[in-house]
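Okay, here's what each chain looks like letter by letter:
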Amino acid sequence: MRIPMSSPDLTAAEIEAVNQVLQTPYLSIGPRIAEFEARFAEYVGVRRAVGVSSGTAGLHLGVIAGGVGEGDLVISTPFSFVASANVILYERAIPIFVDVEERTGNIDPLLVADAARDLSRGGERARRWMPPAVRSSQADGCRLKAVLPVHAFGQPADMDAIWGIARQYDLAVIEDACEALGAEYKGRRVGAGSEFVAVFAFYPNKQMTTGEGGMMVTDRDDWDALFRSLRNQGRDVFDAWLNHSRLGYNYRLAEMSAALGLVQLGRIEELLSRRERVARWYNAHLEGVEGVRIPYLATTTTRMSWFVYVVRLAPQIDRRAVMAALEEQGIPSRPYFTPIHLQPFYAQRFGYRRGDFPVTEALGDTCLALPFSSVMTEDQVEYVCRALISVVGDRRSTA
Ligand SMILES: Cc1ncc(COP(=O)(O)O)c(C=O)c1O
């Protein structure tokens, strides 16, 4: 048996919807994207949604809207996919990483509060939060502008705390909700309730897909207009096609993708509940297994949106050996996430070292994502779990 790491969940309806677009002249900026945006806003419970070419593109535009520019500071998490920090660098700003909560892997709001307090005061205490390589050269005169939390693995970060800090220090909040479509925080869908922006992503391993694509959601009309302009080469709605009011990008979402997204969004409850069922099968097989910790859900998570299924291996278990043994049985697995500050480019540019963010590093060393998708069968889950239990058992006895 060979089990895929992830799989999109597509039916004849998605194929038909894309085919229909291909029979029209409107392959971009047509009726499908407008409809997709309207339905998406309604689903999340926000006033506006703007489709973009990827989650990364959406996060980049969120950073721009947040007024983040050269030398500005943005508080974020090192326990994430690299794109959430890269978008800060795109604007020549400086990511200020703070460590995460051990149980959820989400940014620790107590550390966000400490960092915001010190960074807004400046001086020696502020310097301590800066990346080592810029501590002396660039530290003075930097302004804290925004916070960029990530809802890791589909579990909401503690947004009430983060919004409170943002209000106190006048910060923009750019929520990376790329992994969390449909998740609920204290009874409300992720993406709703913000005064700023949240960004979702539709890569094929996500809860729903458009091939490539993303969606920005906001309650602010001014940001809605700004995002529409920025994604479309800086044109304003009143601009002629070759007039450009500001520096913009081509971050548009194609009509074929929007058509695919519309069908997937129509199936979202089915897709999410299938994923949840797969996660429950995993939990049932792995709960109580020595050396393997199943995912933890915070009390504020009133609905988990299962993006990946990530277990923690006991620190003494050799994860690389476990992965190799699983691979031999046709089971792929991934060390998810690899901490951003230890990615070669970040370590080199910012002078980070092992030990800088110990909780993130401990998670990075022990987390293992198992194959996961809505189309996985119970037999496949059982096969993966049996293999994992046996491999971990062997590793424990040889450790
Ligand atoms: C946490 C996080 N942020 C950002 C992204 C970027 O999304 P995309 O691949 O659509 O650019 C992803 C998706 O891979 C993600 O998991």
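Structure shown above.
What comes next concerns the included structure. (Residues numbered from 1 in each chain as written. Predicted model: local features only at pLDDT ≥ 70, side-chain atom pairs only at ≥ 80, totals over all residues. Heavy atoms only, no water.)

Once that is clear, we can look at the pattern of salt bridges. Scanning all chains against the criterion turns up 27 salt bridges. Between E124 and R127 there is a salt bridge, and its shortest N-O distance comes to 3.4 Å. Taken together, the positions of E124 and R127, both in helix 6 (residues 123–127) and three residues apart, correspond to about one turn of that helix. Linked through salt bridges whose partners overlap, the residues forming this network are D9, E14, R267, E270 and R274. (Salt bridge = Lys/Arg side-chain N within 4 Å of Asp/Glu carboxyl O. Helix = DSSP H or I, 4+ residues; strand = E, 2+ residues; numbered from the N terminus.)

To continue, consider the nonpolar core. Counting 62 residues, the largest nonpolar core has I75 and L119 as the members making the most contacts within it. Setting aside residues no more than four positions away along its own chain, I75 makes contact with I96, V98, I107, V112, A115, A116, L119, L144, A146, V147 and L148. If you look at the next biggest cluster of nonpolar residues, it comprises 44 residues, including I3, A314, M323 and L363. (Core = buried A, V, L, I, M, F, W, Y, C linked by side-chain atoms within 4.5 Å. Buried < 20%, exposed > 50% of the residue type's maximum accessible area, 1.4 Å probe, protein only. Contact = heavy atoms within 4.5 Å.)

Our focus in this paragraph is the site of the ligand. Residues in contact with the ligand amount to 15 residues; listed here are only the nearest, G55, T56, D176, E179 and K206. In this structure, an oxygen atom belonging to the ligand sits 2.9 Å away from a side-chain N or O atom of K206. For the ligand, whose accessible area on its own is 390 Å², the fraction buried by protein is 92%. Looking at the shell around the ligand, its residues break down into seven nonpolar, five polar and three charged. (Near = heavy atom within 4 Å. Polar contact = N/O pair within 3.5 Å; in protein donor to acceptor, adjacent residues only side chain to side chain. Areas by Shrake-Rupley, 256 points an atom, 1.4 Å probe, with all protein chains shown as cover. Nonpolar A, V, L, I, M, F, W, Y, C, P; charged D, E, K, R; others polar.)

Before going further, it helps to spend a moment on helix 9 (residues 255–266). For helix 9, built from twelve residues, the straight-helix expectation of 16 Å at 1.5 Å per residue is met to within 8% by its first-to-last C-alpha distance of 16 Å. Most of helix 9 is tucked away: ten of the twelve residues are buried. Among all positions of helix 9, only E255, S257, A258, A259, L260, G261, L262, V263, Q264 and L265 are buried. Residues of helix 9 that are buried make contact with helix 1 (12–22), helix 2 (31–44) and helix 10 (268–286). (Expected span 1.5 Å × (residues − 1).)

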